[in-house]
Amino acid sequence: MFQQLKGPLRAAALVATGVLVTPAMAADVGIDAENKVVTIGAFTPVTGPVPFYAILTHAAEAYYRNLNENGGIDGWTVNYVTKDDGYDPARSVAVTRQMVEDDGIFALAAPIGTATNVAVLPYAREVGLPVVGPIGGASAFFVEPTVFPLLPDYGWSAASNLDYAVNQLGLSKVALLWENDELGKSAKRGFDAYMADLGMEPAESVPFDVKTTSFSPHIRKVANSGAEAVILFGSNANLAAALKAADLQGLDVEWFAPFFTADPSTRKLAGDLLDGVYFASWLLPVSSDAPEVAAYRQSIEAYYPDDPVGVFGLNGWSNAAIFHKGFEALLASGNELTRENLVAALETLDGADVGGARGVSFREGDHRGTRQEGIIQATADGFELVQPFRAYPEVVFEDMQTE
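If you're wondering where the values come from, they're calculated on a predicted model, not measured in any experiment.

## Here we look at the overall build of the chain
Phase 1: When you go through the chain residue by residue, the secondary structure sums to 14 helices and 16 strands.
Phase 2: Its C-alpha atoms give the chain a radius of gyration of 22 Å, within 12% of the compact-globule value 22 Å for 403 residues.
Phase 3: Its C-alpha atoms give the chain principal-axis dimensions of roughly 80 × 45 × 35 Å.
Phase 4: Summing over all exposed atoms, the chain offers an accessible surface of approximately 16,200 Å²; the carbon and sulfur share of this is 50%.

If you want it as structure tokens, here you go:
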């Protein structure tokens, strides 16, 4: 009968019947204390509309393989189980249930997708399953008690771009080009909030569809506004198309974009037009000499040599690193190895370096994770960090949390 109970409930039931509870018995599902193995899992779109997102999971797998081959987590080996969900939220819930009930996972680690992770939340709450490093951008993650995200709200990133344009480059006329979906709308909310705090008005604010390939009319509006800088929140293809349209029209402005476009794939699309573009980024440049980023490059080359080395993969690698940091803190605490105690241990992270991210903190009731961004600039030689990591403008945190 006790096999149906988990963690503290099972231990309490055993105590009530007079059974001696050992540390191994008190440990939660997914913990093999005798062999020092912790089992975690993730859903990933091997099939479906975005199979290239599997690059993120490859990077996470590379992280744990590299970790295990270098002593694990204080001698503990990570068993990483992944299952294809086809990027279908209903399947994400189904495979998560399967991983919990059949594979006995201790936590989800670096599961892929915004909508898919949101769909899993009710089930995760029901069974007390920690969701560590969900690779998605829902604001609901920041206050969910058992969810620990790295990715910031895009509004905070847009505000970081604006802060650099105004306070470092001394520009006063800044326009926003934003993708007309949740990504762009989040960026617009943060941009508008920080504009208001600065007592400024946008030079222009122009939405575009994600499928837009010709930015000629958008660039004409920006040019007519007299903008000195343009912040674009959209895909790397959108950025490349906008840069080409600006070049054709002779528009000479400073350009800003989100972290995920600071990637060699954007260089292939934009060529030397990318030179000089700035990116607010919660990740260090992929070319960074930081040991964690160098380990990412080396591991991908060793385990997935056909995968591109870029910000996409570094994103997956860094989200995998959160579980490592949390489990390490749990072991150091001396507390029982339960999901509940993993949550408590993760909430002790304060200003931590996590993969390519810096200044990561989690607190009870506030799981914002990444609280700092740097500014990266594209150069002919790659991508260079031109402003060290610093906190987001606090007013944007406050305004976005009330949305």
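## Some thoughts on the environment of N35
Phase 1: With respect to the secondary-structure elements, N35 resides in the loop between strand 1 (31-32) and strand 2 (37-44).
Phase 2: With 271 residues separating them in the primary sequence, N35 and D306 have C-alpha atoms 33 Å apart.
Phase 3: A polar atom in the side chain of N35 sits 2.8 Å from the side chain of D32.

## Notes on the nonpolar core
Phase 1: Among the nonpolar cores identified, the biggest contains 86 residues, and V38, I40, Y64, F106, V174, F323 and F327 are the most heavily contacted of them.
Phase 2: It is helix 12 (residues 311-333) that contributes the most residues to this core, 10 residues altogether.
Phase 3: Judged by nonpolar contacts, the second largest core, of 29 residues, contains L177, F208, W255 and F383.

## Things to note about helix 7 (residues 182-198)
Phase 1: Between its first and last C-alpha, helix 7 extends 24 Å over 17 residues, near the 24 Å set by a 1.5 Å rise per residue.
Phase 2: Residues L183, G184, S186, A187, G190, F191, A193, Y194 and M195 constitute the buried set of helix 7.
Phase 3: The distance from a side-chain oxygen at the start of helix 7 to the backbone nitrogen of L183 is 3.1 Å, and the residue carrying that oxygen is D181.
Phase 4: Within two residues after helix 7, G199 carries a phi angle of roughly 70°, on the positive side.

## Digging into the pairing of strand 10 (residues 254-258)
Side chains on a regular strand alternate between the two faces of the sheet.
Phase 1: Most of strand 10 is tucked away, with 4 of its 5 residues classed as buried.
Phase 2: Where strand 9 (residues 229-233) meets strand 10, 3 bridges bridge the pair, whose relative direction is parallel. Bridge assignment links V230 to a residue of strand 10, and that residue is W255.
Phase 3: For the crossover from strand 9 across helix 9 (residues 236-249) to strand 10, the handedness is right-handed.

## Digging into helix 12
Within an α-helix, residues lying three or four positions from one another point in the same direction, as the helix has 3.6 residues per turn.
Phase 1: Here helix 12 spans 33 Å end to end across 23 residues, near enough to the 33 Å set by a 1.5 Å rise per residue.
Phase 2: Across the 23 residues that make up helix 12, a large majority, 17, are buried.

## Quick notes on the sheet that holds strand 13 (residues 357-363)
Phase 1: The strand order 12-13-14 describes an open sheet built from 3 strands, whose pairing is antiparallel. The open sheet has two edge strands with one neighbour each: strand 12 (352-354) and strand 14 (366-370). Averaged over neighbouring strand pairs, the angle between their axes works out to 35° when direction is ignored.
Phase 2: As judged from the 3 bridges shared by strand 13 and strand 14, these two strands associate in the antiparallel manner. By the bridge assignment for strand 14, V360 is matched with T370.

## Section: the packing of helix 6 (residues 154-167) against helix 7
Phase 1: At a minimum axis separation of 7 Å, helix 6 and helix 7 run at an interaxial angle of 45°. As judged from the angle between their axes, helix 6 and helix 7 are oblique. Judged by the sense of rotation from one axis to the other, the crossing of helix 6 with helix 7 is right-handed. Note on element contacts: helix 7 touches helix 6 through L183, S186, A187, G190, F191, Y194, M195 and L198, opposite Y154, G155, A158, A159, L162, D163, V166 and N167.
Phase 2: A class-by-class count of the residues in the contact of helix 6 with helix 7 yields 11 nonpolar, 4 polar and 1 charged.

## Things to note about the environment of A320
Phase 1: Along the chain, A320 falls in helix 12.
Phase 2: With relative accessibility at 0%, the residue A320 sits in the buried group.
Phase 3: Considering only alpha carbons, one finds A320 and Y64, 256 residues apart in sequence, at a separation of 7.7 Å.
Phase 4: Excluding its chain neighbours within four sequence positions, the residues that come into contact with A320 are A60, Y63, Y64 and A110.

## A word on the packing of helix 12 against helix 13 (residues 339-346)
Phase 1: One can describe the packing of helix 12 onto helix 13 by two numbers: an axis separation of 8 Å at closest approach and a directional angle of 105°. Our classification of the angle between helix 12 and helix 13 gives roughly perpendicular. Listed contacts from helix 13 to I322, F323, G326, F327, A329 and L330 of helix 12 are N341, L342, A345 and L346.
Phase 2: Its residues assigned to classes, the contact of helix 12 with helix 13 shows 8 nonpolar, 2 polar and no charged.

## Digging into the packing of aromatic side chains
Phase 1: All chains considered together, the criterion is met by 22 aromatic pairs.
Phase 2: Judged by centre distance (5.2 Å) and plane angle (50°), the rings of Y164 and Y278 are tilted. You can see Y164 sitting in helix 6 and its partner Y278 sitting in strand 11 (residues 278-281), a full 114 residues away along the chain.
Phase 3: Residue classification places Y164 among the buried positions, given a relative accessible area of 9%.
Phase 4: Here F323 and F327 contribute two aromatic rings whose centre-to-centre distance is 5.6 Å and whose plane-to-plane angle is 20°, an arrangement assigned as stacked. Residue F323 and its partner F327 are located together in helix 12, separated by 4 residues, close to a single helical turn.

## Looking at the side chain of S318
Phase 1: With respect to the helices and strands, the residue S318 is situated in helix 12.
Phase 2: Within the local environment of S318, its side chain forms a polar contact with the backbone oxygen of L314, the two atoms lying 2.8 Å apart.
Phase 3: Not counting residues up to four positions away in its chain, the partners in contact with S318 are L150, W282, L283, V354, G355, G356 and A357.

## Concerning the sheet that holds strand 15 (residues 372-379)
Hydrogen bonds between backbone atoms are what pair the strands of a sheet, whose relative direction is either parallel or antiparallel.
Phase 1: The strand order across the open sheet formed by 7 strands is 8-7-9-10-11-15-16, and the pairing between neighbours is mixed. Strand pairing shows two members of the sheet lacking a second neighbour, strand 8 (204-208) and strand 16 (382-391), which therefore form its edges. Averaged over all pairs of adjacent strands, the angle between strand axes in this sheet comes to 20°, irrespective of strand direction.
Phase 2: Note: strand 7 (residues 174-179) against strand 9, 5 bridges, orientation parallel. Within the sheet, the bridge partner assigned to L177 lies in strand 9 and is L232.

Conventions adopted
- Residues numbered from 1 in each chain as written.
- Predicted model: local features only at pLDDT ≥ 70, side-chain atom pairs only at ≥ 80, totals over all residues.
- Heavy atoms only, no water.
- Helix = DSSP H or I, 4+ residues; strand = E, 2+ residues; numbered from the N terminus.
- Rg over C-alpha atoms; globule rule 2.2 N^0.38 Å.
- Areas by Shrake-Rupley, 256 points an atom, 1.4 Å probe, with all protein chains shown as cover.
- Polar contact = N/O pair within 3.5 Å; in protein donor to acceptor, adjacent residues only side chain to side chain.
- Core = buried A, V, L, I, M, F, W, Y, C linked by side-chain atoms within 4.5 Å.
- Buried < 20%, exposed > 50% of the residue type's maximum accessible area, 1.4 Å probe, protein only.
- Expected span 1.5 Å × (residues − 1).
- Pairing = 2+ DSSP bridges.
- Right-handed = clockwise from strand over helix to strand, strands pointing away.
- Axes fitted to C-alpha atoms, helices over the stretch in contact; angles between N-to-C directions.
- Parallel < 35°, antiparallel > 145°, perpendicular 65-115°, else oblique.
- Left-handed = near helix turned anticlockwise from the far one by under 90°.
- Contact = heavy atoms within 4.5 Å.
- Nonpolar A, V, L, I, M, F, W, Y, C, P; charged D, E, K, R; others polar.
- Phe/Tyr/Trp six-rings, centres within 6.5 Å; stacked < 30°, edge-to-face > 60°.

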